[in-house]
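# Architecture at a glance
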Amino acid sequence: MHIHILGICGTFMGGLAALAREAGHTVTGCDAGVYPPMSDQLRALGIDLLEGYGADQLALKPDTFVIGNVVSRARLANGAPKFPLMEAILDAGLPYASGPQWLAEHVLQGRHVLAVAGTHGKTSTTSMLAWALECAGLQPGFLVGGVPLNFGISARLGGLAAGRERPFFVIEADEYDTAFFDKRSKFVHYRPRTAVLNNLEFDHADIFGSLADIERQFHHLLRTVPATGRVIVNGQDANLARVLAQGVYSEVSRFGMAGGKAPPDFAASGEPGDFEVLHQGRPAGRVRWALPGAHNQLNALAAIAAAWHAGVPPQQACEALARFENVRRRMEVRARIPVSGGSITLYDDFAHHPTAIRATVDGLRRQLDAQGRQSERILALFEPRSNTMKLGAMKERLPWALENAALAFCHAGGLEWDAAAALAPLGARAQVAASVDELVAQATRAARAGDHLLCMSNGGFGGVHEKLAHALRKP
């Protein structure tokens with residue numbers, strides 16, 4: 001089969017392209033404004049990438065078009081279609097499907113699907129879970145919205161492990177809508193046997209009107225889990241408790257921190273970098289690793305609990321996580337720049353929601369403090385790039401998110417709300433820039449030896465890492 005993918009460089013669609021290629025299909029695709037790591041991965045696979053969405057791509061004559069949710073029926077100011085290829089497909093009556101639909105029909109059928117859902121931590125937890133299954137010899141397939149460093153790729157088909165009825169497939173289960181013609185959340189297509197609900201709060205203000213709307217979609221996911229399946233849920237999340245209260249039809253296993261009145265099935269006790277895992281109140285293993293933050297501690301518990309449902313003993317999963325190397329763009333050290341008096345460390349992180357920004361900053365602060373490096377500052381550089389943040393839906397939470405950063409630098413170019421006003425509670429600790437170059441100049445002037453420059457965005461951030469490294473190396 002020849003498939004042509006519209007929006008191929010998105011993390012999900014790029015992973016789908018890799019799976020299709022591995023399965024022996026001919027894969028081509030188009031996109032606009034691409035950036036690594038997905039563009040690099042696709043080119044390494046030999047997949048032809050076309051720039052833009054021109055109607056002339058009909059000449060490729062694929063068997064079907066797979067449509068990413070970046071594609072719409074939108075019109076430009078002059079009345080021309082924003083995606084002329086999509087209009088040509090519709091006019092010609094050619095076959096097309098959404099990415100999640102194609103994946104469900106051509107990859108997921110017949111597999112034990114382990115789906116990881118939640119507002120935050122999906123990519124990290126999916127990667128941890130896939131690695132735990134890999135170390136147990138279960139040969140999992142996976143599709144992750146990033147590149148796990150242990151695997152070096154975002155997706156693979158996997159295989160059938162000896163003595164197992166079905167192959168395992170671990171997938172990052174996104175609540176964002178499927179396509180312009182299918183407004184259900186992507187994850188309702190996956191029909192998991194193991195469903196992880198990591199956390200839940202308001203996000204995606206461009207498609208959801210309220211938290212209740214998102215909770216309803218999460219409950220739709222629960223309706224697809226068989227009675228012999230299992231839901232792994234963060235037992236300390238009140239919003240998820242409301243989702244379960246709407247009805248749950250399978251086994252439920254809860255995870256969380258130790259010490260509460262109702263101990264969860266899987267609990268953590270200790271610091272995020274070195275903690276004991278308790279299974280039903282009894283020691284079951286220990287995780288010692290370099291990942292910072294209590295959020296990663298919870299991600300680990302979710303992965304261990306889900307791996308247990310797949311038959312991996314908790315001790316074995318803990319041992320696997322001790323060798324987990326994280327995911328690209330998750331607290332990834334991009335450079336250590338020598339400067340007078342020491343060095344400056346430059347990080348790249350995908351955080352874009354205020355809760356994720358706070359978790360990332362706090363995790364690094366906690367790690368530095370535990371190492372006796374209290375004097376070293378965190379300079380947070382971020383751009384409100386997600387659709388939710390562009391709308392300003394949670395701008396009032398940014399000062400809270402950045403509370404533990406010594407300084408904050410916001411790229412406000414293109415925003416329709418006043419970033420300076422939103423960050424005013426931080427006083428002189430916050431600066432706003434209309435361009436990435438201006439932001440780099442601000443941060444470079446402020447940086448000093450021992451600082452940690454934490455760049456946070458769900459996009460390419462205008463090449464900010466390379467620009468910072470170049471500017472900081474100048475004498």
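See the structure shown above.
Residues numbered from 1 in each chain as written. Predicted model: local features only at pLDDT ≥ 70, side-chain atom pairs only at ≥ 80, totals over all residues. Heavy atoms only, no water.

## Let's talk about the sheet that holds strand β3 (residues 48-51)
The 5 strands lie next to each other as β3-β2-β1-β4-β5, forming an open sheet whose pairing is parallel. Looking along the sheet, the strands with just one partner apiece sit at the ends: β3 and β5 (96-98). Direction aside, the axes of adjacent strands within the sheet are offset by 25 degrees on average. Across 5 bridges, strand β1 (residues 2-6) lies against strand β2 (residues 26-31) in parallel orientation. Counterpart to Ile-5 in the pairing with β2 is Gly-29. (Pairing = 2+ DSSP bridges. Helix = DSSP H or I, 4+ residues; strand = E, 2+ residues; numbered from the N terminus. Axes fitted to C-alpha atoms, helices over the stretch in contact; angles between N-to-C directions.)

## Side note on the nonpolar core
Of all hydrophobic cores here, the largest spans 45 residues; its most connected members are Ile-5, Leu-103, Tyr-190, Leu-197 and Phe-218. By residue number, the principal contributor to this core is helix α1 (residues 11-22), which donates 7 residues. In this structure, Ile-5 is in contact with Met-13, Leu-16, Ala-17, Val-27, Thr-28, Gly-29, Cys-30 and Val-66, ignoring residues within four places of it in sequence. In terms of nonpolar packing, the next biggest core, distinct from the first, is built from 42 residues, Leu-298, Leu-301, Ala-303 and Ala-307 among them. (Core = buried A, V, L, I, M, F, W, Y, C linked by side-chain atoms within 4.5 Å. Buried < 20%, exposed > 50% of the residue type's maximum accessible area, 1.4 Å probe, protein only. Contact = heavy atoms within 4.5 Å.)

## Side note on helix α8 (residues 294-309)
Between its first and last C-alpha atoms α8 spans 23 Å; for 16 residues at 1.5 Å apiece the expected length is 22 Å, and the two agree. Taken across its 16 residues, α8 has 13 buried, putting it largely inside the fold. Just past α8, the residue Gly-311 takes up positive phi, approximately 100 degrees. (Expected span 1.5 Å × (residues − 1).)

## What about the packing of aromatic side chains?
Scanning all chains against the criterion turns up 7 aromatic pairs. Seen from their ring centres, Tyr-53 and Phe-83 are 4.8 Å apart, and the 80 degrees between their planes marks the pair as edge-to-face. One end of the pair, Tyr-53, is in the loop between β3 and β4 (64-67); the other, Phe-83, is in the loop between β4 and α3 (84-92), and 30 residues separate them in sequence. Among the residues examined, Tyr-53 registers a relative accessible area of 10% and is labelled buried. For Phe-83, a relative accessible area of 4% corresponds to the buried category. On the numbers, 5.7 Å between centres and 85 degrees between planes, the contact of Trp-131 with Phe-151 is edge-to-face. Of the two residues, Trp-131 is situated in helix α5 (residues 122-135) and Phe-151 in the loop between β7 (141-143) and β8 (155-156); the sequence distance between them amounts to 20 residues. The burial state of Trp-131 is the same as that of Phe-151; both residues are buried. Members of the aromatic cluster, each reached through a chain of ring pairs, are Tyr-96, Phe-180 and Phe-181. (Phe/Tyr/Trp six-rings, centres within 6.5 Å; stacked < 30°, edge-to-face > 60°.)

## So, the packing of helix α6 (residues 211-222) against helix α7 (residues 238-245)
Across the interface, α6 lies against α7 with an axial gap of 9 Å and an inter-helix angle of 55 degrees. Between α6 and α7, the interaxial angle falls into the category oblique. Viewed along their axes, α6 and α7 form a crossing whose handedness is right-handed. Across the interface between the two elements, Leu-211, Glu-215, Phe-218, His-219 and Leu-222 from α6 touch Asn-239, Leu-240, Arg-242, Val-243 and Leu-244 from α7. Here the residues of the contact of α6 with α7 sort into 6 nonpolar, 2 polar and 2 charged. (Parallel < 35°, antiparallel > 145°, perpendicular 65-115°, else oblique. Left-handed = near helix turned anticlockwise from the far one by under 90°. Nonpolar A, V, L, I, M, F, W, Y, C, P; charged D, E, K, R; others polar.)

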